[in-house]
Amino acid sequence: MTTRPPRTGNLLAMRAETGETIDRYPAARFPVQHEIQKLQKELNEFNERIIELENEGHRGHAMEVLKANAIDFARQIDELRCLLVEPLPK
């Protein structure tokens, strides 16, 4: 039986560290999914940078801008995911 280390920190950043950057959706066949994947990669990069700066003790306007940009990427991802949802038949 193997044991896992306890979870600490930002799970999104941890996921990015594992190297899950495989291009699963070719842009020509799946443009929305490809865009979501691209935005998720950028969001992971913002989250990593935010964690680095927080660990260094940075607080201030630059941190707020990074966090606002990360939230904007998350909003864009949510909007694109909504396009993929098909309404249930009545």
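None of the values given here were measured: they were computed from a predicted structure.

**Concerning the nonpolar core**
Point 1. Counting twelve residues, the largest nonpolar core consists of Ile 36, Leu 39, Leu 43, Phe 46, Ile 50, Leu 53, Met 63, Leu 66, Ala 70, Phe 73, Ile 77 and Leu 80.
Point 2. Breaking this core down by element, the ones donating at least two residues are helix 2 (31–55) and helix 3 (61–84).
Point 3. Ignoring anything within four residues of it in the chain, the contact list for Leu 80 reads Val 32, Glu 35, Ile 36 and Leu 39.

**Let's talk about the packing of aromatic side chains**
Point 1. Per the stated rule, a full pass over the model turns up one aromatic pair.
Point 2. When the centroid spacing of 5.2 Å and the interplanar angle of 45 degrees are considered together, the rings of Phe 46 and Phe 73 count as tilted. Here Phe 46, found in helix 2, pairs with Phe 73, found in helix 3; they are 27 residues apart in sequence, far enough to count as distant.
Point 3. The exposure class of Phe 73 is buried, given its relative accessible area of 13%.

**Concerning helix 3**
Point 1. Here helix 3 contains 24 residues, and its C-alpha end-to-end distance of 35 Å stays within 8% of the 34 Å for a straight helix at 1.5 Å per residue.
Point 2. Within helix 3, the full set of buried residues consists of Met 63, Leu 66, Ala 70, Phe 73, Ile 77 and Leu 80.
Point 3. The elements touched by buried residues of helix 3 are helix 2.

Definitions and cut-offs
- Residues numbered from 1 in each chain as written.
- Predicted model: local features only at pLDDT ≥ 70, side-chain atom pairs only at ≥ 80, totals over all residues.
- Heavy atoms only, no water.
- Core = buried A, V, L, I, M, F, W, Y, C linked by side-chain atoms within 4.5 Å.
- Buried < 20%, exposed > 50% of the residue type's maximum accessible area, 1.4 Å probe, protein only.
- Helix = DSSP H or I, 4+ residues; strand = E, 2+ residues; numbered from the N terminus.
- Contact = heavy atoms within 4.5 Å.
- Phe/Tyr/Trp six-rings, centres within 6.5 Å; stacked < 30°, edge-to-face > 60°.
- Expected span 1.5 Å × (residues − 1).

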